[in-house]
Amino acid sequence: PEELGTPLPPSDDGRFRMVYAGSLYGAQEADTYFASLLKAFQRTGERHPEALLRCTLDLYITGHDTARYAQQVSAAGLEGVIRFHAPRPAKELFPILAQADLVPIFIPTGNKDFLGTKFNELFFLRRPVLHIGVPGLVSRTITENRLGSSVTVEQLVDELPELIARKKRIEVNTHYDLSPHLLDRITDRLVSEVLI
């Protein structure tokens, strides 16, 4: 919490901001995910062109060469919507994530039951999470606790345009008890259940 700062609502200026920060895991699945993401933005342009003009997806991808993804974005004519940025330290990303209207998170099949550290941060910031992947512990945790929504890669093409156009909304449970996701609690559990 000391590093994350105080959760604040995003600015209400008519823009729809999405932020993806982190790695793209699972090379082949990540490629399929990215292709589906591009189709979702193209479908948004077809169904809700005015909403697409007010939308941005800022990508802070670590550990990968993003040149081929940037080429795909350019070929789809989406350079002004999907923007690539150099990775930043987590402390610099938190205020950016705190302003997001939606945080899409692609989780490959092999990680469907693994709640990584990024969830601790996003849950604390109270940003709506859009989990993209197969059902598992991650999707159940997000949906059952009303921390966001979950879709498969195939469903993304139809679901994302409705979220961008605000025809569909994800309400976050601001009263959800975050303490199980805080680092000190996770460390205590690790010590008591695994190390002792």
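Placed above this text is the structure.
Quick caveat, the model's predicted, so the values are computed rather than measured.

Moving on, we come to the nonpolar core. Membership of the largest hydrophobic core comes to 34 residues, with the highest contact counts inside it found for Met-18, Phe-41, Ile-82, Leu-156 and Leu-160. Of all the secondary-structure elements, those providing two or more residues to this core are strand 1 (16-22), helix 1 (27-47), helix 2 (49-53), strand 2 (55-61), helix 3 (67-75), strand 5 (129-132) and helix 7 (153-164). Counting residues in hydrophobic clusters, the runner-up holds 21 residues, among them Leu-93, Leu-122, Phe-124 and Leu-178.

What follows covers the pairing of strand 6 (residues 148-151). The pairing of strand 5 with strand 6 spans 4 bridges and is parallel. From the neighbouring strand, Ile-132 faces strand 6, where its bridge partner is Val-151. The handedness of the strand 5 to strand 6 crossover, carried by helix 6 (residues 137-144), is right-handed.

With that settled, consider the environment of Lys-112. Its place among the elements puts Lys-112 in the loop between strand 4 (103-106) and helix 5 (117-125). Under the relative-accessibility criterion, Lys-112 is labelled partly exposed at 26%. With 21 residues separating them along the chain, Lys-112 and Gly-133 place their C-alpha atoms 7.3 Å apart. The residues touching Lys-112, leaving out its near neighbours within four places in the chain, are Ile-107, Val-134, Pro-135, Gly-136, Leu-137 and Val-138.

Another aspect to go through is helix 6. Within helix 6 the residues assigned to the buried category are Val-138, Ser-139, Thr-141 and Ile-142. An end-on view of helix 6 places all buried positions within 165° of arc, on one side of the element. Buried residues belonging to helix 6 abut helix 5, strand 5 and strand 6. After helix 6 finishes, the residue Arg-146 shows a positive phi value of roughly 55°.

Further remarks concern the sheet that holds strand 4. Strand order in the open sheet made by the 3 strands is 4-5-6, with parallel pairing throughout. At either end of the open sheet lies a strand with only one pairing partner, and these are strand 4 and strand 6. Mean inter-strand twist for the sheet, computed between neighbouring axes without regard to direction, equals 20°. Helix 6 contacts strand 5 and strand 6 of the sheet and is inclined by roughly 140° relative to strand 6.

What counts as what
Residues numbered from 1 in each chain as written. Predicted model: local features only at pLDDT ≥ 70, side-chain atom pairs only at ≥ 80, totals over all residues. Heavy atoms only, no water. Core = buried A, V, L, I, M, F, W, Y, C linked by side-chain atoms within 4.5 Å. Buried < 20%, exposed > 50% of the residue type's maximum accessible area, 1.4 Å probe, protein only. Helix = DSSP H or I, 4+ residues; strand = E, 2+ residues; numbered from the N terminus. Pairing = 2+ DSSP bridges. Right-handed = clockwise from strand over helix to strand, strands pointing away. Contact = heavy atoms within 4.5 Å. Arc of directions from axis to C-beta. Axes fitted to C-alpha atoms, helices over the stretch in contact; angles between N-to-C directions.

These figures capture arrangement, not role.
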